[in-house]
Amino acid sequence: MANVHPQDVLRALGSVRDPSQGRDVVSLGWVRDVEVGHDRVSLTLAVPNPASPTIEQLSRSTREAVAALGVHDVQVKIAAQPAAQPRAAASLIPGVKHTIAVASGKGGVGKSTVAANLAVALREAGRQVGLMDTDVYGPSVPMLMGGRAEPRVVEGKIEPPVEYGIKIISMAYFLPKNEAVIWRGPMLHKTISQFLGDVRWGELDYLVMDLPPGTGDIQLSLAQTIPLTGAVIVSTPQDLALTVASKAIAMFQKLNVPILGIIENMSHYVCPQCGHRDDIFGHGGAREASARMGFAFLGEIPLETSIRVRSDRGEPVALDRTSPHGQAFQAVAAALEQQVQAAGSRAAEVSIE
Ligand SMILES: Nc1ncnc2c1ncn2[C@@H]1O[C@H](COP(=O)(O)OP(=O)(O)O)[C@@H](O)[C@H]1O
Ligand SMILES: [Mg+2]
């Protein structure tokens, strides 16, 4: 027989179309467990509906396509696709259109600051926005957003406090003050599900989620609990150069979470006295790295004392639309919305339903 490789099998199957979808089984992602032995190929087609009347024909044309490679013994198993888990869990937050995870490779890069200001900028652009603090180790969203209100329980559901028109929820509301909490994986998972399911989020265009730094249990739980529209990576210029952010990127890719883009924070310093611009951490690193890795660059936020001062006061700078920082965050929010739309149409393209 011909020397057949799994790639040859996939190439051959690229011409096998499912009659009901009108697309080939490879790009539909149905081909699994391709095994090539001596004069023998076995594979599984994981289909959405094994009972469909077209399956018989599909199975036959799959066998024929592989046989055409000169293989005599072709086994095609038909299996049911496991129900997409995130889809099922979408009912946890039925009114939320898009979920955006704000992540970083390490702490202290301004992830929470960016998440809060991004939420504000989206709200300023007229969207309905929620902001969820999933950083159970260092929850800072309530402080960043003013922290005036507290959540209330109404009819067994948590009513999130609203700050600057944004519904916010944070572990900080539920943790005993000044006590170290040790989290185990299962506990985190339960907390995340509760945050999502027991909170009355209502109708939202965006739920922005401030993730803890790095690549831990929370990120995993989130990606497994709800369908994330995508992740935004916050990075300082040198952080990307040192590939710290790449670890976070790789993790989301492994979890099949689209990377919506990269934001460079603490990008450059503008001296408030003389207006001189200083690229303390180097400049343009994130833009270059984004391009190199094929991700969208969503924009840069300068390193500015007023950003920290106003953050500490619980008045996100993005509230001031006309300020340079306000405009920087508006631009980032607009770029993000563009990527969300692009991701949406890509998802529709590969949708199997
Ligand atoms: N662009 C910026 N300019 C000045 N200070 C900033 C900027 N971004 C964040 N900070 C400050 O840096 C510190 C860390 O930011 P934070 O958002 O808490 O980071 P992370 O959530 O990544 O740990 C905070 O004191 C914050 O006010
Ligand atoms: Mg933080």
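About the cut-offs
Residues numbered from 1 in each chain as written. Chains lettered and ligands numbered in written order. Predicted model: local features only at pLDDT ≥ 70, side-chain atom pairs only at ≥ 80, totals over all residues. Heavy atoms only, no water. Helix = DSSP H or I, 4+ residues; strand = E, 2+ residues; numbered from the N terminus. Buried < 20%, exposed > 50% of the residue type's maximum accessible area, 1.4 Å probe, protein only. Contact = heavy atoms within 4.5 Å. Areas by Shrake-Rupley, 256 points an atom, 1.4 Å probe, with all protein chains shown as cover. Lys, Arg positive; Asp, Glu negative; His and termini not counted. Charge placed at Lys NZ, Arg CZ, Asp CG, Glu CD. Phe/Tyr/Trp six-rings, centres within 6.5 Å; stacked < 30°, edge-to-face > 60°. Lys NZ or Arg CZ within 6 Å of the ring centre and 35° of its normal. Near = heavy atom within 4 Å. Polar contact = N/O pair within 3.5 Å; in protein donor to acceptor, adjacent residues only side chain to side chain. Nonpolar A, V, L, I, M, F, W, Y, C, P; charged D, E, K, R; others polar. Arc of directions from axis to C-beta. Domains from an automatic or database assignment. Pairing = 2+ DSSP bridges. Axes fitted to C-alpha atoms, helices over the stretch in contact; angles between N-to-C directions. Parallel < 35°, antiparallel > 145°, perpendicular 65-115°, else oblique. Left-handed = near helix turned anticlockwise from the far one by under 90°. Salt bridge = Lys/Arg side-chain N within 4 Å of Asp/Glu carboxyl O.

What follows deals with the overall build of the protein chain. Each helix and strand counted, the protein chain has 12 helices and 16 strands in total. Referenced to the eigenvectors of the C-alpha coordinate spread, the extents of the protein chain come out at roughly 80 × 55 × 40 Å. Taking all 353 residues of the protein chain together, 47% fall into the buried category. Sequence-distant contacts in the protein chain: of pairs separated by 6 or more residues, those separated by 24 or more amount to 72%. For the protein chain, the accessible area works out to roughly 16800 Å², and carbon and sulfur atoms hold 52% of it. For the protein chain, the separation between the mean place of its 32 positive charges and that of its 35 negative charges on side chains is 2 Å.

Below, the discussion takes up the packing of aromatic side chains. Summed over the entire model, instances satisfying the criterion amount to zero aromatic pairs. Positioned over the ring face of Y164 is R148, at 4.9 Å from the centre of the ring.

Near ligand 1 lie 16 residues; those nearest to it are G108, K111, S112, T113 and P302. A distance of 2.8 Å separates an oxygen atom of ligand 1 from a polar atom in the side chain of S112. Coverage of ligand 1 by the protein chains reaches 79% of its 560 Å² of free accessible surface. Breaking the shell around ligand 1 down by element, the ones donating at least two residues are α4 (111–124), β14 (259–270), β16 (297–303) and α11 (305–312). The class makeup of the residues in the shell around ligand 1 is six nonpolar, seven polar and three charged.

The subject of this paragraph is helix α1 (residues 6–13). Among the residues of α1, those classed as buried are V9, A12 and L13. Looking straight down α1, one finds that the buried residues subtend no more than 95° of arc, so they occupy a single side. Summarising the geometry of α1, the exposed residues directed more than 90 degrees from the buried face are Q7 and R11. On its buried face, α1 is in contact with β2 (23–24), β3 (31–37), β4 (40–47) and α2 (55–67).

The next point concerns the environment of D39. By the secondary structure assignment, D39 is in the loop between β3 and β4. A C-alpha to C-alpha distance of 8.6 Å links D39 and V74, two positions 35 residues apart in sequence. Reaching out from D39, the side chain makes a polar contact with the side chain of H72 at a distance of 3.0 Å.

This next bit is on the domain arrangement of the protein chain. It is common to give the size of an interface as the accessible area that goes away when the parts come together. As far as domains go, the protein chain holds domain 1 (16–80) and domain 2 (89–352). Centre-to-centre, using C-alpha coordinates, domain 1 lies 42 Å away from domain 2.

It is worth spelling out the sheet that holds β4 at this point. In spatial order, the strands read β3-β4-β5; together these three strands make up an open sheet with mixed pairing. Since the sheet does not close on itself, it has two edges, and those belong to β3 and β5 (73–80), each with one partner. Direction aside, the axes of adjacent strands within the sheet are offset by 10° on average. With eight bridges joining them, β4 and β5 adopt parallel strand pairing. Bridging from a neighbouring strand, L43 pairs with V76 of β5. Seen against the sheet, α1 touches β3 and β4 and runs at an angle of roughly 130° to β3. Of the strands in this sheet, β4 and β5 touch α2, which is tilted by about 145° from β5.

On to unusual backbone geometry, then. With a phi angle near 50°, Y164 is a residue other than glycine that sits in the positive phi range. Mapped onto the elements, Y164 comes out in the loop between β10 (162–163) and β11 (166–170). Positioned with a positive phi, M266 is a non-glycine residue whose angle comes to about 55°.

This part is about the environment of V154. Looking at the secondary structure, you find V154 in strand β8 (residues 152–154). For the pair formed by V154 and F329, sequence separation is 175 residues and the distance between their alpha carbons is 34 Å. With near-sequence residues (within four places) excluded, V154 lies in contact with E159 and R200.

Two elements in contact, α1 and α2, have axes separated by 9 Å at closest approach and are oriented at 130°. Accordingly, the angle class assigned to the pair α1 and α2 is oblique. Crossing of α1 over α2 shows right-handed handedness. In this structure, α1 contributes V9, A12 and L13 to the contact, and α2 contributes T62, A65 and V66. A breakdown of the residues in the contact of α1 with α2 according to their chemical character gives five nonpolar, one polar and no charged.

Turning our attention to the pattern of salt bridges. Here the structure, examined in full by the defined rule, presents 10 salt bridges. Linking D205 and K97 is a salt bridge whose minimum nitrogen-to-oxygen distance equals 3.0 Å. Here D205, found in strand β12 (residues 204–210), pairs with K97, found in strand β6 (residues 96–103); they are 108 residues apart in sequence, far enough to count as distant. One salt bridge in this structure joins D210 and K111, with 3.4 Å as the shortest N-O distance. Of this pair, D210 sits in strand β12 while K111 sits in helix α4, placing them 99 residues apart in sequence.

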